[in-house]
Amino acid sequence: MTVYLIGIDGGGTSCRAAVAGANGSILARAQAGPANILSDPDTAVDNIASATRAAFYAAGINARSIASARAVLGVAGNNVGEAVHYVKNRLPFAQADIESDGLIALQGALGDKDGAVAILGTGTIYISRHCETVTYVGGWGFTVGDLGSGARIGHALLQETLLAYDGIHDMSAMTASVLAEFKNDPRNIVEFARHAKPGAFGRYAPRVFEHMKRGDAVAARLLQEAAVSVDEALDRLVARGTQKICLLGGLGPLYSSWIAARHQSLLVTPEGDALSGAVALAVSRFGHLKAIE
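Rules behind the numbers
Residues numbered from 1 in each chain as written. Predicted model: local features only at pLDDT ≥ 70, side-chain atom pairs only at ≥ 80, totals over all residues. Heavy atoms only, no water. Buried < 20%, exposed > 50% of the residue type's maximum accessible area, 1.4 Å probe, protein only. Helix = DSSP H or I, 4+ residues; strand = E, 2+ residues; numbered from the N terminus. Pairing = 2+ DSSP bridges. Right-handed = clockwise from strand over helix to strand, strands pointing away. Axes fitted to C-alpha atoms, helices over the stretch in contact; angles between N-to-C directions. Contact = heavy atoms within 4.5 Å. UniProt positions renumbered as here; feature names shortened; annotations may be inferred. Salt bridge = Lys/Arg side-chain N within 4 Å of Asp/Glu carboxyl O. Parallel < 35°, antiparallel > 145°, perpendicular 65-115°, else oblique. Left-handed = near helix turned anticlockwise from the far one by under 90°. Nonpolar A, V, L, I, M, F, W, Y, C, P; charged D, E, K, R; others polar.

Caption draft 1: A look at the pairing of strand β4 (residues 70-75). β4 sits mainly inside the fold: six of its six residues count as buried. With burial as the criterion, each face of β4 is covered, one bearing Arg70, Val72 and Gly74 and the other bearing Ala71, Leu73 and Val75. Where strand β1 (residues 5-10) and β4 come together, six bridges link them in parallel fashion. Counted as the bridge partner of Ile6 is Ala71 from β4. As judged from the six bridges shared by β4 and strand β5 (residues 95-100), these two strands associate in the parallel manner. Along β5, the bridge assignment pairs Gly74 with Glu99. In this fold, the crossover linking β4 to β5 by way of helix α2 (residues 81-88) has right-handed handedness.

Caption draft 2: Structural detail: the sheet that holds strand β2 (residues 15-20). Read across the sheet, five strands follow the order β3-β2-β1-β4-β5 without closing on themselves; strand pairing throughout is mixed. Strands at the two margins of the open sheet, each flanked by one partner only, are β3 (26-32) and β5. Each neighbouring strand pair of the sheet contributes to a mean axis angle of 15°, computed without reference to strand direction. Here six bridges tie β1 to β2, and the two strands are oriented antiparallel to one another. Along β2, the bridge assignment pairs Ile8 with Ala17. The strands that helix α1 (residues 41-59) touches are β1, β2, β3 and β4; relative to β3, the one it contacts most, it runs at about 140°.

Caption draft 3: Local environment of the UniProt feature "domain: ATPase BadF/BadG/BcrA/BcrD type" (unreviewed entry) in the chain. As annotated by UniProt and renumbered to match this structure, "domain: ATPase BadF/BadG/BcrA/BcrD type" (unreviewed entry) occupies residues 6-251. For residues 6-251, the end-to-end C-alpha separation is 28 Å, with 44% helix and 22% strand making up the annotated structure.

Caption draft 4: Spotlight on the pairing of strand β6 (residues 115-120). With respect to burial, β6 is a largely interior element, five of its six residues being buried. Connecting β6 to the next strand, strand β7 (residues 124-130), in antiparallel fashion are three residues. Relative to strand β9 (residues 245-248), β6 is paired through four bridges, and the arrangement is parallel. Looking at β9, one finds that Val117 is bridged to Cys246.

Caption draft 5: The arrangement of the pattern of salt bridges in detail. Overall, the coordinates contain twelve salt bridges when judged by the stated rule. Among the salt bridges present, the one from Arg221 reaches Glu225, with a minimum N-O distance of 3.6 Å. You can see Arg221 and its partner Glu225 sitting in helix α9 (residues 217-239), four residues apart, about one turn around the helix. You can call Arg221 partly exposed: its relative accessible area is 28%. As a salt-bridge pair, Asp235 and Arg262 come within 2.9 Å of each other at their nearest N and O atoms. You can see Asp235 sitting in helix α9 and its partner Arg262 sitting in helix α11 (residues 261-264), a full 27 residues away along the chain. On the basis of relative accessible area, Asp235 is assigned to the partly exposed category, the value being 30%. Salt bridges here are not isolated pairs; linked through shared partners, they connect Asp9, Arg16, Arg29 and Asp273.

Caption draft 6: The packing of helix α4 (residues 150-165) against α9, seen in detail. The N-to-C vectors of α4 and α9 enclose an angle of 140°; their axes lie 11 Å apart at closest approach. Accordingly, the angle class assigned to the pair α4 and α9 is oblique. Where α4 crosses over α9, the handedness of that crossing is right-handed. Judged by residue contacts, Ile153, Ala156, Leu157 and Glu160 of α4 engage Val218, Arg221, Leu222, Leu223 and Ala226 from α9. Partitioned by chemical class, the residues of the contact of α4 with α9 number seven nonpolar, no polar and two charged.

Right, dumping it as structure tokens:
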């Protein structure tokens, strides 16, 4: 019986699955709905299974082989033991390891080589590997962390809009566009912010980058301040021996020209994505095992 290996990249927006042979050659990929094991573990399990079935179908493999497959899952919340235990006991695989989404991103970007990834999206987290030791920096969430993230940049834009409305800071084309979106009533901004999740704030980050390209001074200042936070984290990685850095996430490419020159010289292109990283980890952990009859 052939043993198939599965990589899972589970996020709050979608779950991606890849099925591979024992040598790690990916046969097919597929996608399903969100897989947040903390906020909705049952839906996460359903979507992990759904994405896996779709990948097997795309590869022309009978879905019954899923029961004998081994998997590595990269998800947020892997450090919460109760959630991991709950999900792991409900997975349809013969064996599975649940790791952080950051670890599979690191593996996908750098393979087995030393270096670091900066995952810059709605949140921020930095993962480095040096002499087989993996270290995490940041990732503490929007309330007390995620400096330089899309959520933080969007939040700062709304703050600037209110400062401009009050005449404390000059109004710019960017802050004027935000105020107009909220019908020129600052109370609407306050009401929005009261209920907004990090992703809702993050949707305003692209506007800052767009207006920066148009020469908006406020946008440039916000990005300079955000880049300082990213550079501080990268300095910590470099102090630990990091010599290669991959910028990942939705904001990764946008930050490449904003971080300090001392870090730009260390930037490398990622070899692969997080899903390929999950498959690679599955190969290293389970590729030698035989099928469970």
